[in-house]
Amino acid sequence: DIDGVGRKYHLELVLEDVLHKDSTVNCTAEVLYHLGNKNIAPDVQFTLEGELRNTDEADNIFYNRIKSLEKELVAENIPDSHGNVSPEMQPVHLLAWVASGYVIWQNSTENTKFQLAQIKRVKQVKRSDEYLEFDYMILLHEMVSQEIIPWQMTVLWHPQHGVQVTQDSRQPKHAPE
Amino acid sequence: TSSMKLIVIFSALFGVSLCLETFVGHQVLRIKTRNEEEVKKLQLLESLEHLELDFWINPSTSALPADVRIPANSIQAVKAFLESYGIEYSILIEDLQVVLDKEKQDMAYSQQRERGSNIFNYGTYHSLDSIYAELDHLASEYGNLVSKLQIGESYEKRPLYALKFSTGGSNRPAIWIDAGIHSREWVTQASALWIAKKIASDYGKDPSVTSLLNKMDIFLLAVLNPDGYVFTHTTNRMWRKTRSKHQGSLCVGVDPNRNWDAGFGGPGASNNPCSESYHGPRANSEVEVKSVVNFIKNHGNIQAFLTLHSYSQLLMYPYGYKCTGPADYAELDALGRAAASSIWSLYGTTFTVGSICTTIYQASGGSIDWSYDYGIKYSFAFELRDTGRYGFLLPANQIIPTAEETWLGLKKIMEHVRDNPY
């Protein structure tokens, strides 16, 4: 506890590559949750002890495939009800995971635990520059309240320049049904 | 002549194709490394090509065991190596060829059977109707052991069916298992079905299951919340609650795991009907919950209450409604850890053990709190795979592995219950 400021956590973690389970990297981090105002994202500082796997080849393959599509990519329900993600949609799913990580960070408190539950809809937005742009409607699962929260996010990506969430907004829950 | 040449070539090819690899005398060892040093020794072993070792699980981290197939000629050398470094191992398969021959036999047999009946695919998600049909099929195929009972009706009037596994007696001490209380947790209903099949087919073959069923009964409710389950198929895959309607609100449904009479209405449940954790107008307001409570009370001799949820990979005991420990904390914690260890032994899936309150969150009105305070000492809640990568949308190809590992955990608990009557 830091008087007048908030609560700081010191963490030691192991990062595991979801696609290559035996590739792990140690990490230390400090997370500071601010007192009072719940609208400020927690401060995060971290140090990686090692290197992340190089993904240039896969990144470029995905980038070129999307760039060369005649019609903008559109998809729904990733994964589907049975947990399936087609091979073509795998990178789209992974991109949503990374981008939702940003949204989750911006909206986390000591009493929330968010996970990406599903991509309800994703639409590619054609751009004239080198970036890829996707407009996602995702469902976030919040563990403590058990709520499923629809969230819109606009994601920019480029193999060399990484991921950016340029816009995001929480959506109203569907009609009570 | 050219036709003679052809005959020679064909018979040579034929001969080669008959030269099948055999695994007579091959052993499969499971090597439990305790630290990085030992992992490195294994990796060294792996590099010795003349041993012709075939690693089924490669040594990469001391957190997971390494499984390796060893040709008959190399067995002595490998064991000597391991023993000289004090590296622990166990024999998973004594003679691989024996296992393969049996598998071939089994496959031939089941192919024969398959021609007769429609084989149910346990490795995929099914509709409620399909699950209910399979319950009937199990009760008929294993008629001497399995019977189907209706313990009540859902809000939308669907039957609540439980399977009873019994070898006789009158009101024997029994174990209760339920799944699907939260409808979106599809791997639980699917696993429950696989587990039902497993119990039925293992009786008379597996000594532990056999001795258990010779003394106790098992009740398995595979779909506690059928209305919700149907809704996840027809309308909203993420539906959690029941489908009950309440005066004064447009919102539907109550969280059935906040509706039990244990700290009802306390922290960790919502009084907002539109919330996913709405506790309902009063305890046992949900007919699904009331039906189970009535069954348990009327039976009078339930010794364990085990419930399946997903996801998060947790094995929990009471309490959820308060953060103080149950009186039997030590025994439940030890048993929980033993069960988690059994689960881990199969595929390395780690489950975290603890009370609900300290492990996930404070939550009032939960089922195992009620069962424990009612007097059922062995009350546990499982949260199955995964830890968030797919969450509720667990790929179907993980159903059977999940069911298999969960079964080992359940079995561990049931064996303890069998051996510790109270």
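Treat the numbers as computed from the prediction; the structure is a model and nothing was measured.

Conventions we followed
Residues numbered from 1 in each chain as written. Chains lettered and ligands numbered in written order. Predicted model: local features only at pLDDT ≥ 70, side-chain atom pairs only at ≥ 80, totals over all residues. Heavy atoms only, no water. Pairing = 2+ DSSP bridges. Helix = DSSP H or I, 4+ residues; strand = E, 2+ residues; numbered from the N terminus. Axes fitted to C-alpha atoms, helices over the stretch in contact; angles between N-to-C directions. Contact = heavy atoms within 4.5 Å. Disulfide = S-S within 2.5 Å. Buried < 20%, exposed > 50% of the residue type's maximum accessible area, 1.4 Å probe, protein only. UniProt positions renumbered as here; feature names shortened; annotations may be inferred. Domains from an automatic or database assignment. Buried area = accessible area lost by both parts, 1.4 Å probe. Salt bridge = Lys/Arg side-chain N within 4 Å of Asp/Glu carboxyl O. Polar contact = N/O pair within 3.5 Å; in protein donor to acceptor, adjacent residues only side chain to side chain. Nonpolar A, V, L, I, M, F, W, Y, C, P; charged D, E, K, R; others polar. Expected span 1.5 Å × (residues − 1).

Draft legend 1. Structural detail: the sheet that holds strand β8 (residues 162–170) of chain A. Residue and element names in this part refer to chain A. Ordered in space as β4-β5-β6-β7-β8, the five strands form an open sheet in which the pairing is antiparallel. In this open sheet, the two strands that pair with only one neighbour each are β4 (74–78) and β8. Sheet twist, expressed as the average angle between the axes of neighbouring strands with direction ignored, equals 25°. Here helix α1 (residues 56–67) sits on the sheet and contacts β5 (114–125), β6 (132–142) and β7 (147–158); the angle it forms with β6, its principal contact strand, is near 115°.

Draft legend 2. Representation of the state of the cysteines within the structure. All names here are of chain B. Following the criterion strictly, the structure yields two disulfides over all chains and no others. The disulfide partner of C251 is C274, and the S-S distance across this bridge is 1.9 Å. In this structure the cystine formed by C251 and C274 twists about its S-S bond by roughly 90°; its chirality is therefore right-handed. Here C251 is found in the loop between α8 (226–234) and α9 (287–299), whereas its partner C274 is found in the loop between α8 and α9, with 23 residues between them in sequence. By relative accessible area, which is 7% here, C251 ends up buried. We classify C274 as partly exposed; its relative accessible area is 32%. For C323, the disulfide goes to C357, at an S-S distance of 1.7 Å. With C323 in the loop between β10 (314–317) and α10 (329–347) and C357 in helix α11 (residues 356–359), this residue pair connects regions lying 34 residues apart in the sequence.

Draft legend 3. Inspection of the sheet that holds strand β3 (residues 43–49) of chain A at higher detail. All names here are of chain A. Strand order in this open sheet of three strands is β1-β2-β3, and the pairing throughout is antiparallel. Both edges of this open sheet fall to β1 (6–17) and β3, since each of them pairs with a single strand only. Recorded for the sheet is a direction-independent mean angle of 20° between the axes of neighbouring strands. The sheet contact formed by β1 and strand β2 (residues 20–34) spans 12 bridges and is antiparallel. Each bridged residue has a counterpart across the sheet, and for E16 the counterpart in β2 is T24.

Draft legend 4. Structural detail: the UniProt feature "domain: Peptidase M14" (unreviewed entry) in chain B. Residues annotated by UniProt as "domain: Peptidase M14" (unreviewed entry) correspond here to residues 124–417 of chain B. Annotation note: span residues 124–417 of chain B, helix share 38%, strand share 17%, distance between end C-alpha atoms 31 Å.

Draft legend 5. Layout of unusual backbone geometry. Residue B:Y311 is reached from B:S310 by a cis peptide bond, and omega for that bond is 0°. Topologically, B:Y311 is positioned in the loop between β9 (302–310) and β10. Cis geometry is adopted by the peptide bond preceding B:Y319, which originates at B:P318 and carries an omega value of 5°. Within the element layout of this structure, B:Y319 appears in the loop between β10 and α10. The phi angle at A:Q146 is positive, at roughly 65°, despite the residue not being glycine.

Draft legend 6. Quick look at the domain arrangement of chain A. Residue and element names in this part refer to chain A. By the assigned domains, chain A splits into domain 1 (1–53) and domain 2 (54–176). Taking only C-alpha atoms into account, the centre of domain 1 sits 22 Å from that of domain 2. Counting residues at the interface gives 10 residues for domain 1, matched by eight residues for domain 2. Summing the contributions of domain 1 and of domain 2, the shared interface buries around 890 Å²; its carbon and sulfur component is 57%. Contact with domain 2 buries surface across domain 1, with Y33, A41 and R53 losing the most and accounting together for 48% of the total. Our count for the contact surface shared by domain 1 and domain 2 stands at one salt bridge. E110 is the partner of R7 in a salt bridge, and the nearest nitrogen-oxygen pair spans 2.9 Å. At the junction of domain 1 and domain 2, the tally comes to five residue pairs in polar contact (both at pLDDT 80 or more). Classifying every residue of the side of domain 1 that touches domain 2 gives seven nonpolar, no polar and three charged.

Draft legend 7. Spatial organisation of the domain arrangement of chain B. Residues and elements named next belong to chain B. Annotation of chain B at the domain level lists domain 1 (27–94) and domain 2 (121–419). Distance between the C-alpha centres of domain 1 and domain 2: 39 Å. Taken together, the contact pairs four residues of domain 1 with four residues of domain 2. Here domain 1 meets domain 2 over a buried area of about 260 Å², counting both sides, of which 53% is carbon and sulfur. It is R30, L64 and P65 that lose the most area in domain 1 upon contact with domain 2, and together they represent 77% of the buried surface on that side.

Draft legend 8. Seen up close, helix α7 (residues 207–215) of chain B. Residue and element names in this part refer to chain B. Looking only at α7, the buried set comprises S208, V209, T210, L212 and L213. Of the surrounding secondary structure, the elements contacted by the buried residues of α7 are β6 (159–165), α6 (186–202), β8 (217–221) and α13 (399–419). Where α7 begins, the capping side chain belongs to D206, and its oxygen is found 3.0 Å from the backbone nitrogen of S208.

Draft legend 9. Expanded view of helix α2 (residues 90–106) of chain A. Look at α2(A): 25 Å from first C-alpha to last across 17 residues, which is about the 24 Å you get at 1.5 Å a residue. Considered for burial, the residues of α2(A) that qualify are A:V92, A:H93, A:L95, A:A96, A:A99, A:S100, A:V103 and A:I104.

Draft legend 10. Spotlight on the interface of chain B and chain A. Taken together, the 31 residues of chain B in the interface contact 27 residues of chain A. In total, chain B and chain A occlude about 2300 Å² of area from one another, counting both sides; carbon and sulfur atoms represent 54% of this. On the chain B side of the interface with chain A, the three residues burying the most area are B:Y361, B:R389 and B:L393, jointly 27% of the side's total. The tally of links from chain B across to chain A stands at zero salt bridges. Seen at the junction of chain B and chain A, the total is 10 residue pairs in polar contact (both at pLDDT 80 or more). Of the residues that constitute the side of chain B that touches chain A, the class distribution is 16 nonpolar, nine polar and six charged.

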